[in-house]
Amino acid sequence: MEISELEPILKDTQDELIKHQEKTQKFKEYVQGLFIDVYTQDEFTRRVDAIFNETFARDKR
């Protein structure tokens, strides 16, 4: 495979990496906004799971 053939694949991979980094940062900000002392451990876990699913579920669509 020639380098010129790999360049579009590399570009697509870089774009996907940036998209995932942005989603990861968004998830981190959402979770940091939760106050763990307001929730039980189970409630907190459910909220984090829901935020994760909402943030990253769009990748599956």
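Refer to the structure printed above.
Residues numbered from 1 in each chain as written. Predicted model: local features only at pLDDT ≥ 70, side-chain atom pairs only at ≥ 80, totals over all residues. Heavy atoms only, no water.

### Concerning the packing of aromatic side chains
So, step 1. Summed over all chains, the structure comprises three aromatic pairs.
So, step 2. Taking 5.6 Å as the distance between ring centres and 85° as the angle between the ring planes, the aromatic pair formed by Phe27 and Phe52 counts as edge-to-face. Of this pair, Phe27 sits in helix H1 (residues 3-32) while Phe52 is found in helix H2 (residues 41-56), placing the two residues 25 residues apart along the sequence.
So, step 3. Aromatic rings pair up to connect Phe27, Phe52 and Phe56 into one cluster. (Phe/Tyr/Trp six-rings, centres within 6.5 Å; stacked < 30°, edge-to-face > 60°. Helix = DSSP H or I, 4+ residues; strand = E, 2+ residues; numbered from the N terminus.)

### A closer look at the nonpolar core
So, step 1. Counting seven residues, the largest nonpolar core consists of Phe27, Val31, Leu34, Phe44, Val48, Ile51 and Phe56.
So, step 2. Within the residue set of this core, elements represented by two or more residues are H1 and H2.
So, step 3. Among the elements that take part in this core, H2 stands out by supplying four residues, more than any other.
So, step 4. Those residues in contact with Ile51 that sit more than four places away from it in its chain are Phe27, Tyr30 and Leu34. (Core = buried A, V, L, I, M, F, W, Y, C linked by side-chain atoms within 4.5 Å. Buried < 20%, exposed > 50% of the residue type's maximum accessible area, 1.4 Å probe, protein only. Contact = heavy atoms within 4.5 Å.)

### Let's talk about the environment of Leu34
So, step 1. In this fold, Leu34 is placed in the loop between H1 and H2.
So, step 2. Each residue touching Leu34, except ones within four places of it in the same chain, is listed here: Tyr39, Phe44, Arg47, Val48 and Ile51.

### Considering the pattern of salt bridges
Once the charged atoms of two side chains with opposite charge are near each other, the side chains can pair.
So, step 1. Counted according to the given criterion, the structure contains one salt bridge.
So, step 2. Here Lys11 and Asp15 are joined by a salt bridge, their closest N and O atoms 3.0 Å apart. Of the two residues, Lys11 and Asp15 both sit in helix H1, four residues apart, roughly one turn of that helix.
So, step 3. The exposure class assigned to Lys11 is partly exposed, which follows from its relative accessible area of 45%. (Salt bridge = Lys/Arg side-chain N within 4 Å of Asp/Glu carboxyl O.)

So far we have only geometry, and geometry alone does not tell us how the molecule works.
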